[in-house]
Amino acid sequence: MSLIERYIYAVTRHMPAAQRQDVSDELRATIEDTLDEKKTRSKKNIEAVLIDLGDPEILARRYSGAKQYLIGPTFYIYFIRALKLSLAIGLPIAFCLILISQIVAVPESLISLLISTIGATIGVGIQILFWTALVFFVMERSGVSSKDLGNGNWTPSALPQIPMKRQIPISEVVTDIVTYGFLALSPLFLQKLVGVYSGDIHEPFFNPAIPSFWIPIIVGFGILGIIKGLIKLRARNWTPLLALFNIVFAIAISAALITAFVGTEIVNPTFLSILQTHIDTTTSLSQLILWTQWTIGISILVTIGIYLYDAAKSMVLAYKK
Amino acid sequence: MSDINDVFQNQALEFRRGSLVLAIVSVLRKKKYYGYSLLRTLENLALPVDGSTLYPLLRRLEKQGVLESEWDTADTRPRKYYKLTHDGETLYQKLVTEWSEMNEKINKIVKEDI
């Protein structure tokens with residue numbers, strides 16, 4: 001008996017008082033009717049009848065007629081649309097703002113800068129997902145009809161244009177702006193972040209003796225690069241003028257890299273000597289300097305190669321029909 | 001690709017779900033029933049329904065004005081009897097017409113070469 005009463009309680013406990021008594025009485029009569037069919041009122045038989053009726057919470061939901069989903073098919077496409085739009089706008093803005101605020105706050109290292117920026121951006125994404133879902137959940141429950149969202153007013157003229165084939169993918173533009181933005185801001189934090197920390201000693205990786213006139217040159221290339229990215233974003237296709245700009249930019253930055261490599265000692269020698277005491281003693285300081293020179297030299301050559309390839313490609317595409 | 005048997009099960013469930021209300025009002029317009037007796041009647045008519053589906057559905061139809069109910073306390077135990085209302089009778093007429101028209105159309109498509 002108590003098992004039956006517990007089941008009825010589980011089904012009806014959240015119902016309004018007026019309904020609860022009625023449903024309880026009917027459910028009790030039904031269960032008893034079903035039990036009459038069985039030979040005995042054994043615990044096993046009672047359990048079998050209750051199992052047949054199933055999970056009391058599901059039965060309760062069927063009685064109440066409550067919706068058994070968060071966001072139904074009426075609103076699902078609007079939800080997905082709103083979510084995509086919010087993420088596409090919100091995430092890049094959040095990423096940039098967080099990155100800038102982290103740089104201004106002077107982080108401990110480059111790694112911690114990246115981890116905290118990406119982590120906080122993911123957090124923003126989860127917030128956007130949560131709040132968008134919540135708004136649609138409330139709409140679903142509050143009886144907003146899909147007509148209120150402009151459904152039914154659709155006309156064929158609202159169809160989007162088939163996009164023209166673009167030569168410059170949006171990913172290339174984003175890479176440009178992020179990379180050159182980083183370059184333009186790099187004098188602010190590079191010396192603080194990239195280096196060796198040992199007790200009170202802080203030796204940056206790049207030579208502090210590099211003449212300071214290089215700073216405006218670096219910032220200048222960064223800003224020019226961002227401008228190049230923005231022009232590419234507007235045009236989305238290579239034009240002869242844009243390709244020319246790209247070539248001049250590539251030659252200028254190549255010349256600057258070669259000049260810097262030949263004319264200045266890029267890597268801080270004190271940094272290298274500290275590094276040398278921390279690695280195995282079989283490598284001499286002069287060897288370490290030589291290797292560093294080679295690594296930097298090869299990296300610069302590869303970078304120049306990429307720039308020249310990109311410049312040539314842009315010119316070819318600009319004249320391609 | 002999903003199992004074709006699952007596809008069939010899903011579709012068959014849709015058929016049953018769509019025709020259950022018609023079956024219920026048809027049975028209830030002739031005689032009043034209480035929940036369990038209706039369940040057994042449908043079962044004997046080779047249309048078994050889960051109690052957890054039928055009992056909430058009866059309540060929903062009552063709320064929609066298709067059915068009305070009364071408690072009979074004279075029996076061995078108090079039972080809630082359901083019967084068709086005037087609106088329920090109208091619903092029955094409309095559903096029967098719809099059902100036979102639908103049947104006719106589908107049968108024509110199924111049986112005849114087009």
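Residues numbered from 1 in each chain as written. Chains lettered and ligands numbered in written order. Predicted model: local features only at pLDDT ≥ 70, side-chain atom pairs only at ≥ 80, totals over all residues.

(A) Representation of the sheet that holds strand 3 (residues 79–84) of chain B. All names here are of chain B. One open sheet accounts for 3 strands, arranged 1-3-2; its pairing is antiparallel. Strands with a single pairing partner mark the edges of an open sheet, and in this sheet they are strand 1 (33–34) and strand 2 (67–72). The pairing of strand 1 with strand 3 spans 2 bridges and is classified as antiparallel. Residue pairing in the sheet places tyrosine 33 in a bridge with tyrosine 82 of strand 3. Its contacts with the sheet put helix 1 (residues 4–30) on strand 1, strand 2 and strand 3, and the angle it makes with strand 3 is roughly 100°. (Pairing = 2+ DSSP bridges. Helix = DSSP H or I, 4+ residues; strand = E, 2+ residues; numbered from the N terminus. Contact = placed C-beta atoms within 7 Å. Axes fitted to C-alpha atoms, helices over the stretch in contact; angles between N-to-C directions.)

(B) Up close: the interface of chain B and chain A. If you look at the interface, chain B gives 12 residues, while chain A gives 15 residues. Elements that contribute at least two residues to the side of chain B that touches chain A include exactly helix 2 (35–44), helix 3 (51–63) and strand 3 of chain B. Per-element tally for the side of chain B that touches chain A: the top contributor is helix 3 of chain B, with 6 residues. Taken together, the residues that form the side of chain B that touches chain A break down as 4 nonpolar, 3 polar and 5 charged. (Nonpolar A, V, L, I, M, F, W, Y, C, P; charged D, E, K, R; others polar.)

(C) A look at the nonpolar core. In this structure, Val25, Leu28, Tyr33, Leu58, Val66, Leu67 and Tyr82 of chain B are the most contacted members of the largest nonpolar core, which totals 16 residues. At the level of secondary structure, the elements contributing two or more residues to this core comprise helix 1, strand 1, helix 2, helix 3 and strand 3 of chain B. (Core = buried A, V, L, I, M, F, W, Y, C linked by C-beta atoms within 7 Å. Buried ≥ 20, exposed ≤ 12 C-beta atoms within 10 Å, placed from the backbone.)

(D) Quick peek at the packing of helix 10 (residues 269–278) of chain A against helix 11 (residues 285–318) of chain A. All names here are of chain A. For the pair helix 10 and helix 11, the least separation of the axes is 10 Å and the interaxial angle reads 120°. The angle between the axes of helix 10 and helix 11 places the two elements in the oblique class. Along this stretch, helix 10 crosses helix 11, giving a crossing that reads as right-handed. Note on element contacts: helix 11 touches helix 10 through Leu285, Leu288, Ile289 and Thr292, opposite Leu272, Ser273, Leu275 and Gln276. Residue classes in the contact of helix 10 with helix 11 are distributed as 5 nonpolar, 3 polar and no charged. (Parallel < 35°, antiparallel > 145°, perpendicular 65-115°, else oblique. Left-handed = near helix turned anticlockwise from the far one by under 90°.)

(E) Up close: unusual backbone geometry. The residue arginine 236 of chain A is not glycine, and still its phi comes out positive at about 60°. For alanine 46 of chain B, which is not glycine, the phi dihedral falls at a positive 65°. Note on placement: alanine 46 of chain B falls in the loop between helix 2 and helix 3. Judged by the 6 C-beta atoms lying within 10 Å of it, alanine 46 of chain B falls in the exposed class.

(F) Structural detail: the pairing of strand 3 of chain B. Residues and elements named next belong to chain B. Sheet analysis places strand 2 next to strand 3, joined by 6 bridges and oriented antiparallel. Among the inter-strand pairings, leucine 67 is bridged to a residue of strand 3, identified as leucine 84. Taking the residues between adjacent antiparallel strands as the criterion, strand 2 and strand 3 are bridged by 6 residues.

All quantities given are derived from atomic positions and should not be read as evidence of function.
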